[in-house]
Amino acid sequence: MITSIAELQELSCKKREENEKNPREIGVERSSAFYTKQRRIVLQNEGLIDPDDIEDYIAHGGYMSLFKALDEMTPKEVIEEVKISALRGRGGGGYPTGLKWESVSKVISEQKYIICNGDEGDPGAFMDRAVMESDPHKVLEGMAIAGYACGANKGYIYVRAEYPIAVEKLNRAIKQATKLGILGENIAHSGFNFNVEIRLGAGAFVCGEATALIASIEGGRGHPRQKPPHLSDCGLWGKPTVLNNVETLANIAPIIKNGGAWFKSIGTENSSGTKVFALTGHIKNTGLVEVPMGTTLRELIFDIGGGVEEGRKFKAIQSGGPSGGCIPEHLLDLPVDYESLKSAGSIMGSGGLIVIDDSSNMVEIARYFMDFCADESCGKCTPCRVGTTQLTQLLDKFIEKKATKKDFELLKEMCKVVKSTSLCGLGQTAPNPVLSTIRYFEDEYLAGIKDD
Amino acid sequence: MSISTDDRYNTLEKSIKKLGYDKSSLIEILHSAQETFGYLGIDTLKFIASRLKLPYSKVYGVATFYNYFRLKPKGKHNVVVCLGTACYIKGSNKILENIERRYGIKAGETTSDEALSVLTARCFGSCSLAPVIVCDDVIKPKITLESSTREIEEMIK
Ligand SMILES: Cc1cc2nc3c(=O)[nH]c(=O)nc-3n(C[C@H](O)[C@H](O)[C@H](O)COP(=O)(O)O)c2cc1C
Ligand code: SF4
Ligand code: FES
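Values in this document were obtained by computation on a predicted structure and should not be read as measured data.

Attention now moves to the sheet that holds strand β5 (residues 241–245) of chain A. Residues and elements named next belong to chain A. A sheet is described by the order of its strands in space; here five strands give the open sequence β3-β4-β2-β1-β5, paired in mixed fashion. The open sheet has two edge strands, β3 (184–187) and β5, and neither has a second partner. Averaged over neighbouring strand pairs, the angle between their axes works out to 25 degrees when direction is ignored. Here two bridges tie β3 to strand β4 (residues 192–200), and the two strands are oriented antiparallel to one another.

Written as structure tokens, this is what we have:
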């Protein structure tokens with residue numbers, strides 16, 4: 001059992017010495033150009049520690065932040081530090097984490113919950129999977145600190161069923177942490193209790209949405225509901241709840257360790273810290289990259305990603321998944337942060353970046369995402385249920401080159417209606433891929449209009 | 001086979017018990033039922049409904065809402081084609097079409113000899129290996145039209 005910082009440090013030293021005696025082979029070579037432009041906070045331990053061994057995490061400074069918070073800081077001070085860091089939610093919305101915590105901490109309630117959103121529904125994004133599999137304790141530590149700050153003693157991690165290894169690693173991590181008394185009752189004699197349970201998703205994109213996720217944890221169909229009431233008042237089982245993304249929570253321990261001001265100094269004015277991106281598609285080096293906010297798309301795609309494949313021409317980059325948009329070549333010097341991406345008609349989203357070269361047709365890409373949303377629409381509200389299907393059919397007409405000028409007007413009008421009248425984020429953002437491709441690649445739509 | 005003699009129901013009963021007959025564990029229980037039976041048959045769903053004291057309609061409603069749950073049995077082997085964005089951009093829809101044509105079934109169906117089911121998924125988080133297919137739970141990276149059929153033949157042989 002570990003009940004104090006001193007004991008934690010002792011274990012950490014002991015394990016470090018042990019590690020020095022038996023150096024493990026380190027899987028990753030970090031000197032290549034792919035790595036030198038990166039700055040790793042969230043993925044710092046990826047490949048360096050053994051995710052199955054809590055002692056290895058502790059040897060790398062793990063759980064020091066939790067003990068520091070419990071020992072030296074009041075919940076209010078923890079929230080203050082997170083507010084100073086200006087950390088914003090990495091799950092897509094970009095809502096300031098400190099403010100979210102503060103509103104839950106202010107609600108008086110016997111029972112509150114911390115939920116970690118590990119649903120990672122955006123196809124083409126896999127950063128949360130990497131964190132949960134390679135550094136599960138970092139997620140637990142972030143959740144426990146959130147619990148202490150907000151006055152919650154129970155946490156749930158909602159993991160998608162497609163990630164069995166992540167579930168296995170997290171389960172083992174919870175067991176080990178509980179055994180050492182780092183999770184459980186009266187952690188470090190502070191009087192603070194915190195337990196974590198895993199809940200499995202079952203393959204529904206909409207369950208990444210806050211209220212649908214809660215309905216799913218409660219064992220029901222993942223139908224979103226109208227907000228307000230907000231989660232801070234009425235979340236899981238009607239209790240005040242904080243919902244944070246995996247990557248958001250993975251930033252917490254480093255912030256408590258190094259201070260909010262340190263974190264704020266990385267990145268841009270409005271978007272502090274780093275962001276993990278999943279580079280995929282028509283690009284030479286695929287994989288996860290973590291860079292300071294404000295890095296330009298050009299640096300990401302060409303310097304780190306190595307550009308498109310030989311003999312091909314870069315056409316666009318898609319960010320934000322089914323809720324995002326496509327950014328054309330002339331905007332490649334855009335720094336990636338929440339505001340810039342939004343002004344370009346896309347969103348940060350979870351961090352999937354899909355590079356598209358000149359072999360792809362943009363209308364087909366827009367149709368791909370619309371079809372995805374039509375498939376994943378939960379069917380609760382009409383504009384989304386009917387609208388996404390009708391939009392898919394309209395886009396088909398353009399692909400088959402059978403559209404009319406009127407269809408083009410109808411397409412734009414329908415996008416507006418679905419956006420403004422859908423109940424939840426899925427429907428409200430479903431038209432974005434269409435709108436952004438119309439904005440930058442209108443000629444490809446016009447080419448689908450038959451002459452009359 | 002009747003429920004009382006089918007051992008798999010004992011296994012299921014145990015996992016329901018472990019979760020404390022908790023109604024909110026329904027999704028967990030459906031997962032373990034699918035693991036035990038390979039799919040969720042009507043009898044299984046009715047059994048779960050009665051053990052959790054939930055209306056059958058609720059259990060059926062949840063089982064059909066989520067893509068991960070199958071209400072029909074799978075074939076002896078199965079191939080899952082990823083249709084996530086990274087794989088799609090790399091032509092996974094053509095790979096799927098090719099497989100469908102070759103085995104004469106659509107995604108979600110099983111061949112008449114029950115040797116092969118063709119399924120689809122929305123991303124396995126292995127996107128840097130796109131396009132991927134999963135043959136009997138093993139990820140096959142950077143697949144092509146040719147290698148996909150080779151892998152499947154290898155699996156069902
Ligand atoms: C349709 C839809 C799907 C979503 N999927 C995810 C997801 O897979 N993972 C995630 O972290 N957030 C997802 N979100 C955002 C969450 O609702 C929520 O804003 C987020 O988890 C909050 O955490 P954060 O503040 O740390 O970003 C989704 C939102 C919508 C509308
Ligand atoms: S917008 Fe779509 S996903 Fe959201 S509640 Fe309405 S139908 Fe369901
Ligand atoms: S898109 Fe196919 S594995 Fe992610």
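Close to ligand 2 lie 13 residues; C378, K380, C381, C384 and C424 of chain A are nearest. In the shell around ligand 2, the residues fall into eight nonpolar, four polar and one charged.

The subject of this paragraph is the interface of chain B and chain A. Listed by partner, the interface residues are 30 residues for chain B and 45 residues for chain A. Between chain B and chain A, roughly 2,900 Å² of surface is buried when both sides are summed, and carbon and sulfur atoms account for 56% of that area. Taken as a group, F65, I89 and R122 of chain B account for 23% of the area that chain B buries against chain A, more than any other trio of residues on that side. Here chain B is connected to chain A by three salt bridges. Secondary structure elements with two or more residues in the side of chain B that touches chain A: α2 (26–37), α4 (56–65) and α5 (85–89) of chain B. In terms of residues, the side of chain B that touches chain A owes the most to one element, α4 of chain B, which gives five residues.

So, on to the domain arrangement of chain B. Segmenting chain B into domains produces domain 1 (3–65) and domain 2 (77–156). Each of domain 1 of chain B and domain 2 of chain B was reduced to a C-alpha centroid, and the two centroids are 29 Å apart.

Further remarks concern the sheet that holds strand β10 (residues 352–357) of chain A. All names here are of chain A. As summarised here, the arrangement of the five strands in space is β7-β6-β10-β8-β9, forming an open sheet in which the pairing is mixed. Strands at the two margins of the open sheet, each flanked by one partner only, are β7 (287–292) and β9 (325–328). For this sheet, the mean inter-axis angle between neighbouring strands, taken without regard to orientation, is 30 degrees. As paired strands, strand β6 (residues 274–281) and β7 are joined by six bridges and run antiparallel to one another. Considered in β7, the bridge of K275 is made with V291. Across the sheet, helix α16 (residues 362–376) is in contact with β8 (314–319), β9 and β10; its angle to β8 comes to roughly 15 degrees.

Residue and element names in this part refer to chain A. Looking at where S272 falls in the secondary structure, it is placed in the loop between α13 (260–264) and β6. When residues no more than four places from it in sequence are discounted, the contact partners of S272 are S85, A86, L87, R90, F263, K264, I266 and M293. In terms of polar contacts, S272 uses its side chain to reach the backbone carbonyl oxygen of A86, at 3.1 Å.

Once that is clear, we can look at the pattern of salt bridges. All names here are of chain A. One pass over the full model with this rule turns up 34 salt bridges over all chains. Two residues, R129 and E133, come together in a salt bridge whose shortest N-O distance is 2.9 Å. Here the residue R129 and the residue E133 both occupy positions in helix α7 (residues 127–134), the gap between them amounting to four residues, near one helical turn. A single burial state applies to R129 and to E133, both of which are buried.

Here we take up the side chain of T392 of chain A. Residues and elements named next belong to chain A. Within the fold, T392 resides in helix α17 (residues 382–399). Note on T392: relative accessible area 6%, which makes it buried. Setting aside residues up to four positions removed in sequence, T392 forms contacts with R367, M370, D371 and A374.

Residues and elements named next belong to chain A. Going through the model one piece at a time under the given rule, you end up with zero disulfides over all chains. The thiol of C150 is not disulfide-bonded; the next cysteine sulfur, from C116, is found 14 Å away. Relative accessible area serves as the criterion here: at 2%, C150 is assigned to the buried category.

Calculation rules
Residues numbered from 1 in each chain as written. Chains lettered and ligands numbered in written order. Predicted model: local features only at pLDDT ≥ 70, side-chain atom pairs only at ≥ 80, totals over all residues. Heavy atoms only, no water. Pairing = 2+ DSSP bridges. Helix = DSSP H or I, 4+ residues; strand = E, 2+ residues; numbered from the N terminus. Axes fitted to C-alpha atoms, helices over the stretch in contact; angles between N-to-C directions. Near = heavy atom within 4 Å. Nonpolar A, V, L, I, M, F, W, Y, C, P; charged D, E, K, R; others polar. Contact = heavy atoms within 4.5 Å. Buried area = accessible area lost by both parts, 1.4 Å probe. Salt bridge = Lys/Arg side-chain N within 4 Å of Asp/Glu carboxyl O. Domains from an automatic or database assignment. Polar contact = N/O pair within 3.5 Å; in protein donor to acceptor, adjacent residues only side chain to side chain. Buried < 20%, exposed > 50% of the residue type's maximum accessible area, 1.4 Å probe, protein only. Disulfide = S-S within 2.5 Å.

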